[in-house]
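# Observations on the three-dimensional arrangement
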Amino acid sequence: LKPTWLKRTGQSRALHQPNIARAMAARRTVAGLPPMGALLAVLPWLASASLSSWMPDRATMWADLSWTPTPSDDAWVANMKSFKGMPFTWKPDPWEQHWSRFVIHLSTWTAKNWQVPLLAVAAYFIAIPTLRWLVASRGKWNVRTFAFYWNAGLSFFSWC
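Residues numbered from 1 in each chain as written. Predicted model: local features only at pLDDT ≥ 70, side-chain atom pairs only at ≥ 80, totals over all residues. Heavy atoms only, no water.

### Overview of the overall build of the protein chain
- Looking only at helices and strands, the protein chain features eight helices and two strands.
- Listed N to C, the secondary structure of the protein chain is α-α-α-α-α-β-β-α-α-α in terms of helices and strands.
- Restricting to contacts in the protein chain with at least 6 residues of sequence separation, those with at least 24 account for 39%.
- When the accessible surface of the protein chain is summed, it comes to about 14,200 Å², and 69% of that surface belongs to carbon and sulfur atoms. (Helix = DSSP H or I, 4+ residues; strand = E, 2+ residues; numbered from the N terminus. Contact = heavy atoms within 4.5 Å. Areas by Shrake-Rupley, 256 points an atom, 1.4 Å probe, with all protein chains shown as cover.)

### Topic: the packing of aromatic side chains
- A complete count under the given rule lists four aromatic pairs for this structure.
- On the basis of an interplanar angle of 55° and a centroid distance of 6.1 Å, the ring pair of Tyr-124 and Phe-125 is categorised as tilted.
- According to the relative accessible area criterion, Phe-125 is exposed, its value standing at 60%.
- A centroid spacing of 5.2 Å and a plane angle of 75° characterise the contact between Phe-156 and Phe-157, whose relative ring orientation is edge-to-face.
- Owing to a relative accessible area of 45%, Phe-156 belongs among the partly exposed residues under this scheme. (Phe/Tyr/Trp six-rings, centres within 6.5 Å; stacked < 30°, edge-to-face > 60°. Buried < 20%, exposed > 50% of the residue type's maximum accessible area, 1.4 Å probe, protein only.)

### Structural notes on unusual backbone geometry
- At Lys-84, a position not held by glycine, the phi torsion is positive, near 50°.
- Position of Lys-84 among the secondary structure elements: in the loop between strand E1 (82–83) and strand E2 (86–87).
- For Lys-84, a relative accessible area of 74% puts it in the exposed group.

### Details of the side chain of Thr-108
- Along the chain, Thr-108 turns up in helix H6 (residues 106–112).
- Within the structure, the side chain of Thr-108 is placed 2.9 Å from the side chain of Asp-74, a separation counted as a polar contact.
- In contact with Thr-108, not counting residues within four places along its chain, are Thr-68, Pro-69 and Asp-74. (Polar contact = N/O pair within 3.5 Å; in protein donor to acceptor, adjacent residues only side chain to side chain.)

### Quick look at a nonpolar patch on the surface
- Together, Leu-131, Val-135, Trp-141, Val-143, Phe-146, Trp-150 and Leu-154 line one region of the surface with nonpolar side chains, adding up to about 730 Å² of accessible area.
- Looking at which element gives the most residues to the nonpolar patch, the answer is helix H8 (residues 144–159), with three residues.
- Judged by relative accessible area, Phe-146 falls into the exposed class, the value being 57%. (Patch = residues over 30% accessible without salt bridge, like charges linked within 9 Å, V, L, I, M, F, W, Y side chains within 5 Å. Salt bridge = Lys/Arg side-chain N within 4 Å of Asp/Glu carboxyl O.)

Written out as structure tokens, the structure is:
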């Protein structure tokens, strides 16, 4: 069974979609509901109100960002054998003599050397437009050999 308007005109329903959408929008506003545009206009305000109630103040953010672990914090992490009931299977038993013991001090090192991640982000933001320009000016490169050795290196070092 075809709707009566489709029988009368013989046109496809796709041609009448905008009219149906307008009729539905008019029916919503007549029923007292706000149009979708008004709801979308209010949504960013609601999201910012929710975020502002969740966000910490500046002093709390600075205290969190400038926190540096103490040597006793490093020792506590070094002596951990499990976390929430899950044993550390990756951690060797004679931890103090193992080659990966430097991992314990990484949180202290990164807390004292903010320039490393900031420079990495800056290099990334510089590399993206530079690489786009190079590809646009010199054409695409064949990176299959590089990708093979890169992935082989990642696989090798993930076994260590």
